Amino acid sequence: MKHEESVYRSRLDVGALKQIVRGAVGNAEISPVQFDALDDPPDLAVLVEKGSLLGGSSAIQIHVNDEGDHRLVSVVALGNSGFERAWSGARNTVSLGGSKKLAAVVALAIQQRDTTLQQVG
């Protein structure tokens, strides 16, 4: 699966970031991201999946690490390659383009509440 990650520095707390994400993604399905015993999990890790009217879907992962005076927010757009989409059909795949749009919606929603938001990666 292809992915594209953007990392932001925010002064908002984890609770506020949760509320912003929930509001930004509308009726999308939100589920926790699972880690194995050797991973150092972030303070918040969710998978957001949203279906489209044409049958495919969009998916992003959001990871938030509390760094004390700021939070690092990683937004990862997920998607199948063009070959996978052609082979499996759009209905059974995740659109990287759609996922990038969903990631942008989340980033914009955070920026609207945190004017000091900086992209750091």
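Quick look at the structure, then. Because the structure is predicted, anything quoted here is derived from the model rather than measured. (Residues numbered from 1 in each chain as written. Predicted model: local features only at pLDDT ≥ 70, side-chain atom pairs only at ≥ 80, totals over all residues. Heavy atoms only, no water.)

**A word on helix 3 (residues 96-113)**
Condition: Helical segments are the DSSP runs of H or I of at least four residues, strand segments are the runs of E of at least two, and each set is numbered from the N terminus. The span one expects for a helix is its residue count, reduced by one, times 1.5 Å. We call a residue buried when its accessible area falls under 20% of the maximum for its residue type, exposed when it is over 50%, and partly exposed in between, using a 1.4 Å probe and counting protein chains only. Throughout, the arc means that of the directions going from the helix axis to the C-beta atoms. Contacts were defined at the residue level, with two residues in contact if any of their heavy atoms lie within 4.5 Å. N or O atoms within 3.5 Å of each other form a polar contact, as long as, within protein, one can give a hydrogen and the other can take it, and as long as residues adjacent in sequence are counted only when both atoms are side-chain atoms.
With 18 residues, helix 3 ought to run about 26 Å at 1.5 Å a step, and its terminal C-alpha atoms sit 26 Å apart, in line with that. Those residues of helix 3 that fall on the buried side of the exposure criterion are Leu96, Ser99, Leu102, Ala103, Val106, Ala107, Ala109 and Ile110. The buried residues of helix 3 occupy one face: seen down the axis, they fall within an arc of 155 degrees. With respect to the buried face of helix 3, the exposed residues turned more than 90 degrees away are Lys101 and Gln112. In this fold, the buried residues of helix 3 make contact with strand 1 (2-10), helix 1 (14-24), strand 3 (44-51), strand 4 (57-66) and strand 5 (71-79). The backbone nitrogen of Gly97 has a side-chain oxygen 3.4 Å away, supplied by the residue at the start of helix 3, namely Ser95.

**So, the packing of helix 1 against helix 3**
Threshold: Here an axis means a line fitted to C-alpha atoms, over the contact stretch when the element is a helix, while the angle between two N-to-C directions is reported on a 0 to 180 degree scale. In these notes the angle categories are as follows: under 35 degrees is roughly parallel, over 145 is roughly antiparallel, 65 to 115 is roughly perpendicular, and the rest is oblique. Less than a right angle of anticlockwise turn of the near helix away from the far helix marks a crossing as left-handed, whereas a clockwise turn marks it as right-handed.
At a minimum axis distance of 9 Å, the contact between helix 1 and helix 3 shows a crossing angle of 130 degrees. Put simply, helix 1 runs oblique to helix 3. Here the hand of the crossing between helix 1 and helix 3 comes out right-handed. Across from Ala16, Leu17, Ile20, Val21 and Ala24 in helix 1, the residues of helix 3 making contact are Val105, Val106, Ala109, Ile110 and Arg113.

**Considerations on the pairing of strand 3**
We apply this condition: Strand pairing requires that DSSP identify at least two bridges connecting the strands.
Across four bridges, strand 2 (residues 29-32) lies against strand 3 in antiparallel orientation. If you follow Ser31 over to strand 3, its bridge partner there is Leu47. Sheet topology note: the strand 3/strand 4 ladder contains eight bridges and is antiparallel. Bridging from a neighbouring strand, Lys50 pairs with Ser58 of strand 4.

**What about the side chain of His70?**
With respect to the element layout, His70 can be found in the loop between strand 4 and strand 5. Polar contacts involving the side chain of His70 include one to the side chain of Asp69, which spans 2.8 Å. Not counting residues within four places of it along the chain, the set of residues in contact with His70 comprises Arg9, Ser10 and Asn65.

**Some details on the sheet that holds strand 5**
Taken together, six strands build an open sheet; the order of strands is 2-3-4-5-1-6 and the sheet is antiparallel. With one partner strand each, in any of the chains shown, strand 2 and strand 6 (118-119) form the two edges of the open sheet. Here helix 1 sits on the sheet and contacts strand 1, strand 2, strand 3, strand 4 and strand 5; the angle it forms with strand 4, its principal contact strand, is near 170 degrees.

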